[in-house]
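Here are the chains, one letter per residue:
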Amino acid sequence: MSNETVQAVRGMNDILPEEARLWLWFEEVVRDWLASYGYRNIRMPLVEPTALFKRAIGEVTDIVEKEMYSFEDSLNGDHLTLRPEGTASCVRAVLQHNLLYNAPQRLYYSGPMFRHERPQKGRYRQFHQVGVESLGFAGPDMDAEQILMCARLWKKLGLSDVTLQLNTLGDADARHRHRAKLIAHFEQYQDLLDEEAKRRLHSNPLRILDSKNPAMQELIEAAPKLMNELGDDALAHFSALQDMLKRHGVAFEINPRLVRGLDYYNRTVFEWVTTRLGAQGTICAGGRYDGLIEQIGGKPAPAMGFAMGVERLLVLMHEAGMKPPGYDVDVYVVHQGELASTLASQVAERLRDGNLRAILHCGGGSFKSQMKRADSSGALVSVVIGDDEAQANEVSVKPMRGGNQMRVSVQDMLATINTFIKQE
Ligand code: ATP
Ligand code: MG
């Protein structure tokens, strides 16, 4: 046995209590925000059959090619994968339980996602997303709704430096025409392509446009544009969305190179980006995926969704100076002696009955050392019980941030503490 301490898996973070306060607050804000648009929570397993992601995300994508935590269940031979994203699971659940039978659905989920990437700031192997999906909505009004929602959330979170990039990928026929032209274009310049581009040339040429390789930028600039292939319906959809965004005063930039790393998108795609996070500047990304439901075995239905990266958002909130309001605990109960201890635990329960957050000191020690704990707990008030107080069924109430200690009956304790707390 080695006595080295065991460390967490690389790229998978502990979120310690001090930091978790910001997470909890973020989650509260997000929950209220989603409720205000009528979105309902759905919770899927963290593990799914590997085939689901291969089919939904696409075989020739970064995620499926090299980022998935896939394994064989050694007990029964099942091929399983830790979810790298939520859309595929969400759609699977909706189909499995026939949720689209009666009405379209506005849904959201949140939780950890897993991708085997090179860990760096803003890029982890276990990271967290809040995902929002609207299923059964075809029109651009839903595209606008989701984008407006995001804009509202950034305001609530105090983020100002985020901008919206927008593009349309058109429908399947336009993409097929474009694909053929892209392949023809890149085939002419085979020797200028890097290894990845060569590999993707016939399987997923659209992704070559996404390449960050400086040596290929000129070639990419000169490539045939999807815009020129778009059908009338897709164009009308895209321009209606733009009109709606303008009417609501949401600024956007059209980025023809925005193609997204997953195969299932069509028509509208968007990303919210910031310059504050270096290369990891996308905080939220999504789009339409009208073909996905059919692709994984459902009756065809249009759909649209987005996911935001919680870690990246929290860094921005931190930088914007956003701090969770409030403090963790109201009262710390200090006690010494057998009689006092019995009373102290009753008193602590009484405080909780009165909706106060109370810590009962555990582990004994002198009054002085207990008061130190009370101090560092951040409590506004301490309740001190010695044998003297206990005999009289009384307690001493001491405001921690200045003010006089008061001795009161257990009966009057709550009222006294509440006046102290109100003064803070
Ligand atoms: P990127 O281009 O940064 O790799 P992506 O296109 O792979 O992002 P999506 O699958 O669209 O990302 O996920 C939506 C959001 O989730 C991203 O915009 C980002 O904020 C966040 N995200 C994605 N991968 C990670 C990761 N490994 N660590 C932390 N956050 C991530
Ligand atoms: Mg990625």
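Scope of this entry: the structure provided in the associated data block. Please read these numbers as outputs of a predicted model, since none were measured by experiment. (Residues numbered from 1 in each chain as written. Chains lettered and ligands numbered in written order. Predicted model: local features only at pLDDT ≥ 70, side-chain atom pairs only at ≥ 80, totals over all residues. Heavy atoms only, no water.)

**Some words on the overall build of the chain**
Then step 1. When you go through the chain residue by residue, the secondary structure sums to 15 helices and 16 strands.
Then step 2. In terms of C-alpha radius of gyration, the chain reaches 28 Å, well past the compact-globule figure of 22 Å for 424 residues.
Then step 3. Counting only C-alpha atoms and orienting by the principal axes, one finds that the chain spans roughly 95 × 60 × 45 Å.
Then step 4. Counting over 424 residues, the chain shows a buried share of 49%.
Then step 5. Long-range contacts, defined here as pairs at least 24 residues apart, represent 69% of the contacts in the chain between residues at least 6 apart.
Then step 6. Put simply, the chain shows about 21,800 Å² of open surface, and 50% of that area lies on carbon and sulfur atoms.
Then step 7. The distance from the centre of the 49 positive side-chain charges to the centre of the 55 negative ones in the chain is 2 Å. (Helix = DSSP H or I, 4+ residues; strand = E, 2+ residues; numbered from the N terminus. Rg over C-alpha atoms; globule rule 2.2 N^0.38 Å. Buried < 20%, exposed > 50% of the residue type's maximum accessible area, 1.4 Å probe, protein only. Contact = heavy atoms within 4.5 Å. Areas by Shrake-Rupley, 256 points an atom, 1.4 Å probe, with all protein chains shown as cover. Lys, Arg positive; Asp, Glu negative; His and termini not counted. Charge placed at Lys NZ, Arg CZ, Asp CG, Glu CD.)

**Concerning the pairing of strand β9 (residues 266-273)**
Then step 1. Most of β9 is tucked away: eight of the eight residues are buried.
Then step 2. Alignment of strand β7 (residues 163-168) against β9, held across six bridges, turns out to be antiparallel. Along β9, the bridge assignment pairs Leu164 with Trp272.
Then step 3. The pairing of β9 with strand β10 (residues 282-288) spans six bridges and is classified as antiparallel. What sits directly across from Trp272, in β10, is Cys284. (Pairing = 2+ DSSP bridges.)

**Section: the site of ligand 1**
Then step 1. Close contacts around ligand 1 come from 15 residues, with Arg115, Glu117, Arg123, Arg260 and Thr282 the closest.
Then step 2. The side chain of Arg115 places a nitrogen or oxygen atom 2.8 Å from an oxygen atom of ligand 1.
Then step 3. Residue Arg123 places a side-chain N or O atom 2.9 Å away from an oxygen atom belonging to ligand 1.
Then step 4. Coverage of ligand 1 by the protein amounts to 86% of the 580 Å² it exposes when considered alone.
Then step 5. At the level of elements, β6 (126-135), β10 and β11 (303-309) are the ones that each hand at least two residues to the shell around ligand 1. (Near = heavy atom within 4 Å. Polar contact = N/O pair within 3.5 Å; in protein donor to acceptor, adjacent residues only side chain to side chain.)

**Looking at the environment of Ile283**
Then step 1. By the element assignment, Ile283 lies in strand β10.
Then step 2. When the C-alpha positions of Ile283 and Glu145 are compared, they lie 18 Å apart, and in sequence the two are 138 residues distant.
Then step 3. In contact with Ile283, not counting residues within four places along its chain, are Trp154, Val162, Trp272, Thr274, Leu277, Ala307, Met308, Gly309, Arg312, Leu313 and Leu316.

**Looking at empty space enclosed by the protein**
Then step 1. In this structure the tally under the stated criterion is one cavity of 30 Å³ or more.
Then step 2. Of the residues in the lining of the largest cavity, the class split is three nonpolar, one polar and four charged. (1 Å grid on protein atoms, 1.4 Å probe; cavity = no way out; pocket = protein on both sides within 12 Å on 5 of 7 lines; lining within 4 Å. Points joined across faces, edges and corners; volume = space filled by probe spheres on them. Nonpolar A, V, L, I, M, F, W, Y, C, P; charged D, E, K, R; others polar.)

**Describing the sheet that holds strand β5 (residues 105-114)**
Then step 1. Read from one edge to the other, the open sheet built from eight strands follows the order β1-β5-β6-β11-β10-β9-β7-β8, with strand pairing classed as mixed. The sheet is open, and its two edges are formed by β1 (40-41) and β8 (253-254), each paired on a single side.
Then step 2. Bridge count for β1 against β5 is two bridges, and the pairing is parallel. Bridge pairing links Arg40 to Leu107 in β5.

**Brief notes about helix α6 (residues 172-188)**
Then step 1. Relative to the 24 Å expected for 17 residues at 1.5 Å per residue, α6 spans 25 Å between its end C-alpha atoms, a close match to the ideal helical length.
Then step 2. Taken together, the buried positions of α6 are Ala174, His178, Leu182, Ile183, His185 and Phe186. Down the axis of α6, the sector holding all buried residues measures 165°, keeping them to one side. Away from the buried face of α6 by more than 90 degrees, exposed residues His176 and Gln188 are located. (Expected span 1.5 Å × (residues − 1). Arc of directions from axis to C-beta.)

**A short note on the packing of helix α12 (residues 338-353) against helix α15 (residues 410-423)**
How two helices sit against one another is set out by the angle between their axes and by the gap between those axes.
Then step 1. As a packed pair, α12 and α15 sit with axes 11 Å apart at the nearest point and diverge in direction by 45°. In terms of orientation, α12 and α15 fall into the oblique class. The crossing of α12 and α15 is right-handed. From α12, Leu343, Val347, Arg350 and Leu351 reach across to α15, where they touch Val410, Gln411, Met413, Leu414 and Ile417.
Then step 2. Classifying every residue of the contact of α12 with α15 by side-chain character gives seven nonpolar, one polar and one charged. (Axes fitted to C-alpha atoms, helices over the stretch in contact; angles between N-to-C directions. Parallel < 35°, antiparallel > 145°, perpendicular 65-115°, else oblique. Left-handed = near helix turned anticlockwise from the far one by under 90°.)

**With respect to the side chain of His237**
Then step 1. Tracing the backbone through its elements, the reader meets His237 in helix α9 (residues 232-247).
Then step 2. Not counting residues within four places of it along the chain, the set of residues in contact with His237 comprises Ala138, Gly139, Pro140, Asp143, Arg267, Thr268 and Arg288.

**Overview of the sheet that holds strand β4 (residues 79-82)**
Then step 1. With antiparallel pairing, three strands are arranged side by side in an open sheet as β2-β4-β3. Edge positions in the sheet fall to β2 (47-49) and β3 (69-72), since each has one partner strand and no second. On average, adjacent strands in this sheet sit at an angle of 35° to one another, irrespective of strand direction.
Then step 2. In terms of strand pairing, β2 meets β4 through three bridges, oriented antiparallel. Looking across to β4, one finds that Val47 is bridged to Leu82.
Then step 3. Sitting on the sheet, helix α2 (residues 50-57) is in contact with β2, β3 and β4, with an inclination near 75° to β2.

**Considerations on a nonpolar patch on the surface**
Then step 1. Taken together, the side chains of Leu46, Val47 and Phe71 present a nonpolar region at the surface, about 220 Å² in accessible area.
Then step 2. Judged by its relative accessible area of 37%, Phe71 is partly exposed. (Patch = residues over 30% accessible without salt bridge, like charges linked within 9 Å, V, L, I, M, F, W, Y side chains within 5 Å. Salt bridge = Lys/Arg side-chain N within 4 Å of Asp/Glu carboxyl O.)

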